[in-house]
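Coordinate inspection notes
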Amino acid sequence: MKDRRDDRTLLVAEDPDLLDALLRLSAAAGTEVHRAVDSADARRQWLTAPFVVLDSASAARCVEAGMPRREGVVVAVRGTPRSPDWMHAVALGAEHVVSMPQAEPWLVAAFADAAEQAAGRNDRGRVLAVVAGRGGAGASVLAAAVAVTSARAGARTLLVDCDPLGGGLDLVLGAEDVAGMRWPELTVTEGRVPAGALHAALPAPAIGRAGGELGVLSCARAAQGPSPAAVAAVLEAGRRAGETVVCDVPRYPTDAALTALADADLTALVVPADVRACAAASRVAAVLSEQTRRVALVVRGPAPGGVGAQDIAAALDLPLLVAMRPQQGLARAMERGVPPGRGNGPLTTASRTLLGALHTTGGPATAARPPAGVR
């Protein structure tokens, strides 16, 4: 069993005001810290802590104590760093010397990153967007089924509702009475959202099998949806934490929908197998081709006029990812509050295919750039 101390940031600070500020920032990031009173106390966790934050005086004490160089060390100072601060930072292998209070937002992010990496979530997560080719195509049901299938397979999963006119994904999952925040109650403007705190605040519907964790961020029964900045912050939280993020995106291009599409590693366009649906989906596909990096087609049967899935793929000029047969009893099960994606059937099979395609795509490249006050 892993020692709990390994999961906590090591904090050593002699300046009481700076110590209070660092503790406040770690709390804002939703992380736990071990506060060492001196270098002797710090030595016990110097090499095992995922992240180490020192003030100027403590950095000098650690150098005097002969602490070895290591990664993940930050020295926080008031105002402009002095020459001794840089010397001590180099001696300890510190990656940054940060000026307070300018670097407070950066430190919150660094605390959160360290906690997520210590929890074993080092890989960047993937984002799937699911879009309907026309009304009633079943995109919301498929998005919910993919999220349930992912969580039942053991993955930490986040289902994000980007369609304020869809009635709420909590209803699709039979979770309308499950406690937790919906978009109107979640105050997110921009910046960083700790993934652990986000999951703790969201409804977690029962999915019938232990293993993964499913959090649902649903719209309420109101026309107001999430802002683009809020969607971007939530998707990045899931991606940082190595989660599978599934977005139900409306086919009309709201700013929030465009944000989700721009961030998606894979976008699934769901089209019923009929001529009218194909005609409607052609306009949606044109928008998607301009807004997202990879689009694939999901064709949902039955095909009353005999239109084949490959015919629709050729007409839309999109690769066919999966042709899905009708699932018997689906509407009746959902009326009873049974989430889609539980058990076997065409919907679960299609969900597994989508997840397989999602996790074989390359994630977007990201580059961290220190802001003012971080050197």
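Residues numbered from 1 in each chain as written. Predicted model: local features only at pLDDT ≥ 70, side-chain atom pairs only at ≥ 80, totals over all residues. Heavy atoms only, no water.

Here we come to the sheet that holds strand β2 (residues 33-35). The strand order across the open sheet formed by five strands is β2-β1-β3-β4-β5, and the pairing between neighbours is parallel. Strands at the two margins of the open sheet, each flanked by one partner only, are β2 and β5 (96-100). Direction aside, neighbouring strands of the sheet carry axes that sit 25° apart on average. Examined bridge by bridge, strand β1 (residues 9-12) and β2 share three bridges and lie parallel to one another. Counterpart to L11 in the pairing with β2 is R35. (Pairing = 2+ DSSP bridges. Helix = DSSP H or I, 4+ residues; strand = E, 2+ residues; numbered from the N terminus. Axes fitted to C-alpha atoms, helices over the stretch in contact; angles between N-to-C directions.)

Two aromatic rings are characterised by how far apart their centres lie and by the angle between their planes. Taken as a whole and assessed by the stated rule, the structure comprises one aromatic pair. Ring centres of F51 and F111 lie 5.7 Å apart, and the angle between their planes is 85°; on these two criteria the pair is classed as edge-to-face. In this pair, F51 is assigned in the loop between α2 (39-43) and β3 (52-55) and F111 in helix α5 (residues 104-118), connecting sequence segments 60 residues apart. The exposure class of F111 is buried, given its relative accessible area of 0%. (Phe/Tyr/Trp six-rings, centres within 6.5 Å; stacked < 30°, edge-to-face > 60°. Buried < 20%, exposed > 50% of the residue type's maximum accessible area, 1.4 Å probe, protein only.)

Once that is clear, we can look at the sheet that holds strand β7 (residues 156-161). Spatially, β8-β7-β9-β6-β10-β11-β12 is the arrangement adopted by the seven strands of the open sheet, whose pairing is parallel. Each edge of the open sheet is held by one strand with a lone partner, namely β8 (213-217) and β12 (320-324). When strand polarity is set aside, the average angle formed by the axes of neighbouring strands in this sheet is 20°. Relative to strand β11 (residues 295-300), strand β10 (residues 266-272) runs parallel, the two sharing six bridges. Pairing of T267 across the sheet is with V295, part of β11. Against the sheet, helix α6 (residues 139-152) makes contact with β6 (126-132), β7, β8, β9 (244-249), β10 and β11, and its axis sits at roughly 170° relative to β9, the strand it touches most. (Contact = heavy atoms within 4.5 Å.)

The next thing to look at is the pattern of salt bridges. Per the stated rule, a full pass over the model turns up 13 salt bridges. For R156, the salt bridge is made with E243, and the minimal N-O distance between the two is 2.5 Å. Here the residue R156 occupies a position in strand β7, and E243 occupies one in the loop between α9 (228-240) and β9, the gap between them amounting to 87 residues. Across the pair, E243 and R156 agree in class, each one buried. Between D170 and R182 there is a salt bridge whose closest N-O contact spans 3.1 Å. Remark: R182 occurs in the loop between α7 (169-172) and α8 (195-201) and D170 occurs in helix α7; sequence separation between them is twelve residues. An identical accessibility class is assigned to D170 and R182; each is buried. Salt bridges sharing partners connect three or more residues here, namely R239, D263, D265 and R293. (Salt bridge = Lys/Arg side-chain N within 4 Å of Asp/Glu carboxyl O.)

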